[in-house]
Amino acid sequence: MDELAVRKSKLIYWASGIVSICGIIFEVLFGALGSYILGDGVKQYTLTISLFLTGMGIGASISEKVMKNLIITFIWIEFGVAVIGGFSSFTMFGITAFAPEGTDAFYLYFITFLVGALTGVELPILIRKANEIGVTLNQSTARVLFSDYAGGLVGGLLFVFLLRPQFGMVKTAFLVGCINLVVALTVLWLFRKEIKRFRIHAVFGVFIGILLVIGLFFGEEMAFSFEQKLYKDPITYMEQSKYQKIILTQDQGDTRLFLDGSLQLSSTDEYRYHEVLVHPTMAFASSHDNVLILGGGDGVAAKEILKYDDVGQITLVDLDPAVVKLAKTNRQLLQLNKGSLKNDKVNVIHKDAFKYLENTDEWFDVIIVDLPDPNNESLNKLYTKEFYSLVRNHLLPDGAAMIQSTSPVFATQVYWTISETIESTGMYVDNLHVDVPSFGNWGFVMASRKEINLDTIDIDVPTRFLSTDMLPSLTDFGKDEDNKIIKENGKYVDLKPNTLIDPNLIQIYENAWKNY
């Protein structure tokens, strides 16, 4: 091969690697979009991968019908990926805000399949073009596929560690679309002598580039206005952390914290939730020397615990440093948590709660489990028999634990499955629930290594809602929220503990909340 042919073949290998990086980024981006907007991350990533790969297979099949103008075909495929992929996140937020329910899911699955199909056409064309230049078929296939697979690894790492946390989902899509466009324009320039109407193709490419650059610099601001439609109140703070999207809203004095779209607290009624979460266990435990909070990065549970003068140390384990930083610096949250996370008694550890309990040698008088609902695989492990066994193993004999356990009204079977799972570890349990207007009726499971009798405890710290006299009433459940109503085919269901091997709670949770 002459020098120009060598340069062209090398460009083809580089192009295959770069478009592969872009393809894998779009694939995982679509999964992240589905997880954030539609929920159930495992389901969305599974559907995304399946649809993308199916599209690639169909695209590869279609590529054999491209008999001429291989380079022009590749260039226009890249133009298409740049536009469709670049505007994907922006359009998804717009559809979610304004289109009828279900349209967003259809759109996401459609563009996943479409981008997958376009990506599937690319590689066979590049292989054939390399062969056409003079590279042997075995060399062209091996080198293009190597670039493709290696690019897939690079793309995945870039998305996880750089693009999503630093740029967010809207800017990432536009940025990757720009990269696809640069590849197309570079190929267009190098092969310009064999392309008819070169200038027309170049003009289209430049026009697409202008659209993508506008989107890169201004799309996120417009998407923010779309996302605002998803929330009742004006957004005052938004951050995409390494682990989740953090949003604060405020209207007429009501501050609300959302993580990945799920409400975590409302300032108007959080005291109802947190007083029931904290004070029964604190009143029941014989000592407060060592207290553990799993979750609770907003600092409000810690604030309630600090009402007890005899508290020795509070260890708060929260995975996301961004939430804790916000709780320490944001004026709205500081008003709620009274600066609790700055207290010398509070030691914050950023670690997965499961791993923390596996590795620590500490014993605790009180354990407060204030974690998000089990709506995906990673959270489900924190609602398993294995996890609650770790809680039991780090709880002192005279201590107590309280676990937030979702709503016994909206998700009756979920609540009682969590209770059954905790009880399966050998701990004694008591079931409580309280009406929290922003959430609805919400449930908790209190657990201890000794029998629990709420009639014997006394709430002796300042509270806005909870009193000693009303404690027993929190254990009374209505007919529509009692575990005895859970039926299947007309028969009462025998609830099974949720385990790592048999994570039955995920499907139960999805079925319970799909209509709310």
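This text follows the structure it describes.
Residues numbered from 1 in each chain as written. Predicted model: local features only at pLDDT ≥ 70, side-chain atom pairs only at ≥ 80, totals over all residues. Heavy atoms only, no water.

## A look at the overall build of the protein
Tallying secondary structure elements over the protein gives 16 helices and 13 strands in all. If you take every contact in the protein between residues at least 6 apart in sequence, the share linking residues at least 24 apart comes to 72%. Treating the 44 positive side-chain charges of the protein as one cloud and the 58 negative ones as another, the clouds have centres 13 Å apart. (Helix = DSSP H or I, 4+ residues; strand = E, 2+ residues; numbered from the N terminus. Contact = heavy atoms within 4.5 Å. Lys, Arg positive; Asp, Glu negative; His and termini not counted. Charge placed at Lys NZ, Arg CZ, Asp CG, Glu CD.)

## Overview of the sheet that holds strand S4 (residues 262–266)
Spatial strand order, S1-S2-S3-S4: four strands in an open sheet with antiparallel pairing. A strand with exactly one partner marks an edge of an open sheet, and here the two such strands are strand S1 (235–240) and S4. Adjacent strand axes in the sheet meet at a mean angle of 15 degrees when their direction is disregarded. Looking at chain direction, strand S2 (residues 245–251) and strand S3 (residues 254–259) are connected through six bridges and run antiparallel. Counted as the bridge partner of Asp251 is Asp254 from S3. (Pairing = 2+ DSSP bridges. Axes fitted to C-alpha atoms, helices over the stretch in contact; angles between N-to-C directions.)

## Digging into the packing of helix H2 (residues 41–63) against helix H5 (residues 103–133)
Relative orientation of the contacting elements H2 and H5 amounts to 40 degrees, with a least axis distance of 6 Å. As summarised for this structure, H2 and H5 are arranged oblique, according to the angle between their axes. The interaxial crossing formed by H2 with H5 has right-handed handedness. Of H5, the residues touching H2 (which contributes Gln44, Leu47, Thr48, Leu51, Phe52, Thr54, Gly55, Met56, Ile58, Gly59, Ala60 and Ser63) are Tyr109, Thr112, Phe113, Val115, Gly116, Ala117, Thr119, Gly120, Val121, Pro124 and Arg128. Along the lines of polarity and charge, the residues of the contact of H2 with H5 split into twelve nonpolar, ten polar and one charged. (Parallel < 35°, antiparallel > 145°, perpendicular 65-115°, else oblique. Left-handed = near helix turned anticlockwise from the far one by under 90°. Nonpolar A, V, L, I, M, F, W, Y, C, P; charged D, E, K, R; others polar.)

## Points about the sheet that holds strand S5 (residues 290–295)
In space, the seven strands of this open sheet follow the order S7-S6-S5-S8-S9-S11-S10, with mixed pairing throughout. On the outer flanks of this sheet lie strand S7 (346–349) and strand S10 (428–436), each paired with one strand and no other. Going across the sheet, the axis of each strand differs from the next one's by a mean of 15 degrees, ignoring polarity. With four bridges connecting them, strand S9 (residues 395–404) and strand S11 (residues 440–448) associate as antiparallel partners. For Ala401, the partnering residue across the bridge sits in S11 and is Ala447.

## Things to note about a nonpolar patch on the surface
Residues Val206, Ile210, Val213, Ile214, Phe217 and Phe218 make up a contiguous nonpolar surface patch of roughly 600 Å² in combined accessible area. Turning to its location among the elements, Val206 is positioned in helix H7 (residues 198–228). (Patch = residues over 30% accessible without salt bridge, like charges linked within 9 Å, V, L, I, M, F, W, Y side chains within 5 Å. Areas by Shrake-Rupley, 256 points an atom, 1.4 Å probe, with all protein chains shown as cover. Salt bridge = Lys/Arg side-chain N within 4 Å of Asp/Glu carboxyl O.)

## Some points on the pattern of salt bridges
Tallied over the full model, the rule gives eight salt bridges. A salt bridge links Glu270 to Lys303; the nearest nitrogen and oxygen atoms lie 3.6 Å apart. Of this pair, Glu270 sits in helix H8 (residues 270–284) while Lys303 sits in helix H9 (residues 300–305), and the two are 33 residues apart along the sequence. The class of Glu270 is buried, set by a relative accessible area of 5%. (Buried < 20%, exposed > 50% of the residue type's maximum accessible area, 1.4 Å probe, protein only.)

## Here we look at unusual backbone geometry
One non-glycine residue with positive phi stands out, namely Asp260, at about 50 degrees. By the element assignment, Asp260 lies in the loop between S3 and S4. Classification of Asp260 by relative accessible area gives partly exposed; the value is 28%. One non-glycine residue, Lys338, lies in the positive phi region at around 55 degrees. Its place among the elements puts Lys338 in the loop between helix H11 (331–337) and S7. In this structure Lys338 comes out as exposed when scored by relative accessible area, which is 63%.

Distances and angles like these do not, on their own, reveal function.
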